[in-house]
Amino acid sequence: MQKELPDLAVLVKLSQRGDKEAYGKIYRFYVERIYRFVYYLIGNQPVAEDITQVTFLRLWKNLPSLSTHKGTFQAYAYTTARNLVIDWQRKKKDVSLDAAAQLEEADTNTDSLIIQEEAKQLHHVLASLPSEDRQLVSLRYFEELSYSDIAKIIGKNEGSIRVKLHRILAMLKNKLKGKI
Amino acid sequence: MKITESLYLLKKHYQTAKPSLDFRKHGWNALVTELGEQDKPTRFAFRPGQFILATATFVLLISVGTVFASQRTLPNQTLFPVKVLSEKIAVRLAPASFKAEIAAGMIDRRLTELATVTSAGNQQSIEQSVKTFKATTDDLTKLNLWDGWEDESVEEHRDELQNVVKSLTPTPTSLIAPSIEREDETEEKESISRETIDELKTVLPATIPTPKPTQSSGDNREDKDKDSSIEIKVLEPTDSDEE
């Protein structure tokens, strides 16, 4: 699991009272996570940056209605980002594979070429999945969020999220077997 | 290689995705500038849907409250027109079988109001009450509440209502004859003839206290009142009546 921001509840409470410094701490902790999540889904750096900024603006605006309960802010941040991505995708109507290409270019020194190739294949398979399935994979395996948080973000119950992820993994296995 | 291992490997790639250097350096400052243009978040920030719902609820509560408060008003009071309007709406929206009952209730309320304002002795209120009475009966007559009724169960209501309306014809405008029919003649405005009192007795409750003279009138006016106005006295049953 990824480390949590210490005293998040206190920072959210302070932000709700208009403390921008406290909100700055929250921003710095989550900005890259939200950016990665958005970028993975749309594959366009400037747009991903814009969506990330708008996400934090919306969060600030809606802070009063947020509970300070642990996990609520994180789930709400991803939900806001997800909704903005969905809006953008509706307007754009096509999902770019730039993200896959850029991810493939990165970090070429650490892994062997064979593993690189397998990861590349997997990424192509992932890129061909429906948007919601990719969101699930990203939130569970890349962002390492809990099932309950993912359920809140996607708006389904925890059980169905587990089942869906299990099916996605099985499908990825089958597709990779055919490719490699 | 297991799928989870591939995903773990992919995660390492995933985590290398970073925003531009410019965004990392100036992202927060740009956001703070935009936050500065917005007000501090408020606890009662409504979303559009919530705002519409809250407004609708508020308007509904105010309307219901006003109609409820108006039910005890008398002619010449601020909320009295609301009472009359709510009755008009009620009698129009009610199912056919309830219309007569509501209409009878309206007439009953007008009579009660007339009795109350008469006992209070405010001439303006009495005039207003009589006008409202006439307006109500006219309005109910226009509605033809008994048209098309064949059901025997509603026959009683129909007859009852017809009788009430007939008994009020001519309507009480003539009861306070000089004040209504000759409004321009101010000297006679506040007078009530003996005939009208007799007629009133047939319509209003038997005991009508004496109306108080109007305070706004001058000394000379009091002399005139003595001559022209008739005192309404409380009728006490006499021996002859009992017989």
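Residues numbered from 1 in each chain as written. Chains lettered and ligands numbered in written order. Predicted model: local features only at pLDDT ≥ 70, side-chain atom pairs only at ≥ 80, totals over all residues. Heavy atoms only, no water.

With that settled, the discussion passes to the overall build of chain A. Helix and strand counts for chain A come out as 9 helices and 0 strands. Scanning chain A from its N terminus toward the C terminus, one meets helices and strands in the order α-α-α-α-α-α-α-α-α. Across the 180 residues of chain A, 52% fall into the buried class. Looking at chain A alone, contacts between residues at least 24 apart form 65% of all its contacts between residues at least 6 apart. (Helix = DSSP H or I, 4+ residues; strand = E, 2+ residues; numbered from the N terminus. Buried < 20%, exposed > 50% of the residue type's maximum accessible area, 1.4 Å probe, protein only. Contact = heavy atoms within 4.5 Å.)

A negative phi angle characterises most non-glycine residues, just as the trans form characterises most peptide bonds. The backbone of Glu144(A) sits at a positive phi, close to 55°, despite the residue not being glycine. Secondary-structure assignment places Glu144(A) in the loop between helix 7 (131–142) and helix 8 (147–154). Overall, Glu144(A) belongs to the partly exposed group, its relative accessible area being 22%. Its identity as a non-glycine residue notwithstanding, Asn76(B) has a phi of 85°, on the positive side. Structurally, the position occupied by Asn76(B) is in the loop between helix 3 (48–70) and helix 4 (80–93).

To continue, consider the confidence of the model for chain B. Residues and elements named next belong to chain B. Summary statistics for chain B give a mean pLDDT of 70 and a share of 54% for residues scoring 70 or more. Within chain B, helix 3 carries the highest mean pLDDT (89), whereas helix 8 (residues 177–181) carries the lowest (44). In the model, residues 173–191 has pLDDT below 50 throughout and makes 41 contacts with residues more than four positions away in sequence or in other chains. Within the model, the stretch residues 206–234 combines pLDDT values under 50 with 35 contacts to residues more than four positions away or in other chains. Per the prediction output, this complex has pTM 0.48; the corresponding ipTM is 0.72. (pLDDT = per-residue confidence, 0-100.)

Generally speaking, a soluble globular protein has its nonpolar side chains buried in company with each other. Ranked by size, the top nonpolar core spans 66 residues in total, and within it Tyr23(A), Phe73(A) and Leu126(A) carry the most contacts. Not counting chain neighbours up to four residues away, the residues in contact with Tyr23(A) comprise Ser15(A), Phe56(A), Leu59(A), Trp60(A), Leu63(A), Trp28(B), Leu31(B) and Leu35(B). The next biggest cluster of nonpolar side chains, apart from the first, holds 10 residues, and it includes Ala103(B), Met106(B), Ile126(B) and Phe133(B). (Core = buried A, V, L, I, M, F, W, Y, C linked by side-chain atoms within 4.5 Å.)

Attention now moves to the environment of Ser67(A). Relative to the assigned elements, Ser67(A) resides in the loop between helix 3 (45–62) and helix 4 (72–92). Between the C-alpha atom of Ser67(A) and that of Lys13(A), which follows or precedes it by 54 residues, the distance is 8.8 Å.

As a further point, take the pattern of salt bridges. Between side chains of opposite charge, a pair can form as their charged atoms come close. A complete count under the given rule lists 15 salt bridges over all chains for this structure. We note a salt bridge from Lys156(A) to Glu132(A), for which the minimum N-O separation is 2.8 Å. Of the two residues, Lys156(A) is situated in the loop between helix 8 and helix 9 (158–179) and Glu132(A) in helix 7; the sequence distance between them amounts to 24 residues. When the shortest N-O distance is used, the salt bridge between Asp139(B) and Arg92(B) registers 2.8 Å. One end of the pair, Asp139(B), is in helix 6 (residues 123–143); the other, Arg92(B), is in helix 4, with 47 residues separating them in the sequence. (Salt bridge = Lys/Arg side-chain N within 4 Å of Asp/Glu carboxyl O.)

Quick look at helix 1 (residues 8–16) of chain A now. Residue and element names in this part refer to chain A. All of the buried residues along helix 1 are Leu8, Leu11, Val12, Ser15 and Gln16. Around the axis of helix 1, the buried residues are gathered within 140° of arc, so they sit on the same side. Each element contacted by the buried residues of helix 1 is listed here: helix 2 (20–42), helix 3 and helix 4. Directly beyond the C-terminal end of helix 1, a positive phi value near 100° is found at Gly18. (Arc of directions from axis to C-beta.)

What follows is about a nonpolar patch on the surface. On the surface, Phe58(B), Val59(B) and Ile62(B) cluster together into a nonpolar patch covering about 300 Å² of accessible area. Along the chain, Val59(B) turns up in helix 3. (Patch = residues over 30% accessible without salt bridge, like charges linked within 9 Å, V, L, I, M, F, W, Y side chains within 5 Å. Areas by Shrake-Rupley, 256 points an atom, 1.4 Å probe, with all protein chains shown as cover.)

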